[in-house]
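Commentary on secondary and tertiary structure
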Amino acid sequence: MSGVLAGGAAVDASQSILVIGRAGQLASALVAAGGGTVVTVGRPGFDLTEPDAAQWLLDQLRPAAVINAAAYTAVDAAESDREPAFALNRDGPARLAAACARCAVPLIHVSTDAVFDGRKATPYTEADLPAPLGVYGASKLAGEYAVLEALPSALVVRTSWVFGPTGNHFVAKLLGWASRQAALTIAGDQRGRPTYAPGLAVALLGLARRMAAGGPNAPQGLLHLAGASVLTRAEQARAVLQASAMRGGAWASVTPVATVDRPGQARRPLNAVLDCSLAAARHGITLGSFDRDIGATLDRLIGPCLTAPDAALPLRNSA
């Protein structure tokens, strides 16, 4: 049986990787990286929160593997929108994992750094105990538990601060703010690993193909996978706006402020740094640095550099 790519090309579903979440930036990156092997589904044609949708879909397509990139990601809105957040981040993935178990199809479920409270001084490993601060993180953690309970051979990949040439992420929002304001205040005490969606997509597809091939070393369990650079949000903002200015795009000054001085937002972990050493050691995967990946992103969003990068912001990296 054949499916239909987001771009419209027919593929053999039995040899394809099925991506749940057609409209998201990661799903778009997976399609672009898939080389004609990715089938995407999403709203309005497919709704993961419908009770029988996942089983019906797998019965129809029988793909080689599934990547669940669908999620409720509105962190602030989730605080007053608990039921829809849990429906999409826990209940839908649970039914998807159960359907994958019945059909013997490997599953990668994408999760987040927000399952941690940020109180640890060092990067978070897969062995660290989660303790989410808000509804979004709690719903994603519940989804992790539900997926692994229904399908213990599933792979749950936690990532962080995803950005790229599509989507409404921090980088895109920042460019919009800078186009309207000459000075910005950005959290200077939140640290994390910005992750380039196209690079993450390539890694996820490689893992999915290894899972489809099977064998004793097929990936499963928990895995942290994020960009190589560790930055505060303010450092990230400065790097983005400097690179934007060199392309003739928006620029604004950035003043770091404490997260506690920014009321009205859901609580976020101050330390959102994921330890990705397991991905490197076990699977040979290391994602790119922010200075390289933001250049590629802004080349797409704005255009190539007009001036030489003679005052690049130094980026801190961790192993």
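Residues numbered from 1 in each chain as written. Predicted model: local features only at pLDDT ≥ 70, side-chain atom pairs only at ≥ 80, totals over all residues. Heavy atoms only, no water.

A count of helical and extended segments in the protein chain gives ten helices and 15 strands. Scaling as 2.2 N^0.38, a compact globule of 319 residues should have a C-alpha radius of gyration of about 20 Å, and the protein chain matches this with 19 Å. C-alpha extents for the protein chain along the principal axes are approximately 55 × 40 × 40 Å. A total of 319 residues make up the protein chain; the buried ones form 52% of that total. Sequence-distant contacts, at least 24 apart, represent 80% of the contacts inside the protein chain between residues at least 6 apart. As displayed, the protein chain has an accessible area near 13700 Å², and 55% of this comes from carbon and sulfur atoms. Computed over 27 positive and 24 negative side-chain charges, the separation of the two mean positions in the protein chain equals 2 Å. (Helix = DSSP H or I, 4+ residues; strand = E, 2+ residues; numbered from the N terminus. Rg over C-alpha atoms; globule rule 2.2 N^0.38 Å. Buried < 20%, exposed > 50% of the residue type's maximum accessible area, 1.4 Å probe, protein only. Contact = heavy atoms within 4.5 Å. Areas by Shrake-Rupley, 256 points an atom, 1.4 Å probe, with all protein chains shown as cover. Lys, Arg positive; Asp, Glu negative; His and termini not counted. Charge placed at Lys NZ, Arg CZ, Asp CG, Glu CD.)

Sheet faces and side chains relate simply in a regular strand, where the side chains alternate between the two faces. Side-chain alternation along strand E5 (residues 65-68) places Ala65 and Ile67 on one buried face and Val66 and Asn68 on a second face that is also buried. In this structure, strand E3 (residues 17-20) lies alongside E5, joined through four bridges in parallel fashion. If you follow Ile17 over to E5, its bridge partner there is Ala65. Sheet analysis places E5 next to strand E6 (residues 107-112), joined by three bridges and oriented parallel. (Pairing = 2+ DSSP bridges.)

Here we take up the sheet that holds strand E7 (residues 155-159). In spatial order, the strands read E4-E3-E5-E6-E7-E12; together these six strands make up an open sheet with parallel pairing. The open sheet has two edge strands with one neighbour each: strand E4 (38-41) and strand E12 (221-224). Each neighbouring strand pair of the sheet contributes to a mean axis angle of 25 degrees, computed without reference to strand direction. Pairing of E3 with E4, which is carried by four bridges, proceeds in the parallel orientation. Bridge pairing in E4 places Val19 opposite Thr40. Helix H2 (residues 53-61) contacts E3, E4 and E5 of the sheet and is inclined by roughly 160 degrees relative to E3. Relative to E6, helix H5 (residues 135-150) is tilted by about 160 degrees, and along the sheet it contacts E6, E7 and E12. (Axes fitted to C-alpha atoms, helices over the stretch in contact; angles between N-to-C directions.)

The peptide bond linking Arg43 to Pro44 adopts the cis configuration, its omega dihedral lying at 5 degrees. Take Pro44: it is sitting in the loop between E4 and H2. Of note, the phi angle at Arg62 is positive, near 45 degrees, even though the residue is not glycine. For Arg62, the position within the fold is in the loop between H2 and E5. Despite not being glycine, Ala104 shows a phi value in the positive range, around 55 degrees.

Within this structure, the stated rule accounts for four aromatic pairs. For the ring pair Phe163 and Tyr196, a centre distance of 5.8 Å and an interplane angle of 40 degrees mean the geometry is tilted. Linking Phe163 in strand E8 (residues 162-163) with Tyr196 in strand E11 (residues 195-196), this pair joins segments that are 33 residues apart in sequence. By the burial criterion, Phe163 is buried, and Tyr196 matches it. Here a set of aromatic residues connected by ring pairs shows up, and it is made of Phe163, Tyr196 and Phe290. (Phe/Tyr/Trp six-rings, centres within 6.5 Å; stacked < 30°, edge-to-face > 60°.)

The next thing to look at is the confidence of the model for the protein chain. The share of residues in the protein chain with pLDDT of 70 or more is 92%, and the mean pLDDT across the chain is 91. In the model, residues 311-319 has pLDDT below 50 throughout and makes 23 contacts with residues more than four positions away in sequence or in other chains. (pLDDT = per-residue confidence, 0-100.)

An ideal rise of 1.5 Å per residue puts 22 Å on 16 residues; H5 measures up with 22 Å between its terminal C-alpha atoms. Looking at H5, one finds that the buried residues are Val135, Tyr136, Gly137, Ser139, Lys140, Leu141, Ala142, Gly143, Glu144, Ala146 and Val147. Close packing links the buried residues of H5 with helix H3 (75-78), helix H4 (82-103), E6, E7 and E12. (Expected span 1.5 Å × (residues − 1).)

Counting 33 residues, the largest nonpolar core has Leu18, Ile20, Val66, Leu96, Cys100 and Leu107 as its most contacted members. Of all the elements, H4 adds the most residues to this core, at eight residues. Leaving out residues up to four positions away in the same chain, Leu96 has contacts with Ile20, Leu48, Ala54, Val66, Asn68 and Leu107. Counting 28 residues, the second largest nonpolar core, distinct from the first, contains Ala65, Leu207, Ala279 and Ile285. (Core = buried A, V, L, I, M, F, W, Y, C linked by side-chain atoms within 4.5 Å.)

Our focus in this paragraph is the pattern of salt bridges. Taken as a whole and assessed by the stated rule, the structure comprises nine salt bridges. A salt bridge links Arg43 to Asp47; the nearest nitrogen and oxygen atoms lie 3.3 Å apart. Judged by relative accessible area, which is 53%, Arg43 ranks as exposed. Take Asp47: its relative accessible area is 17%, and that puts it in the buried class. In this structure, Asp293 engages Arg292 in a salt bridge whose closest nitrogen and oxygen atoms are separated by 3.2 Å. According to the relative accessible area criterion, Asp293 is buried, its value standing at 4%. (Salt bridge = Lys/Arg side-chain N within 4 Å of Asp/Glu carboxyl O.)

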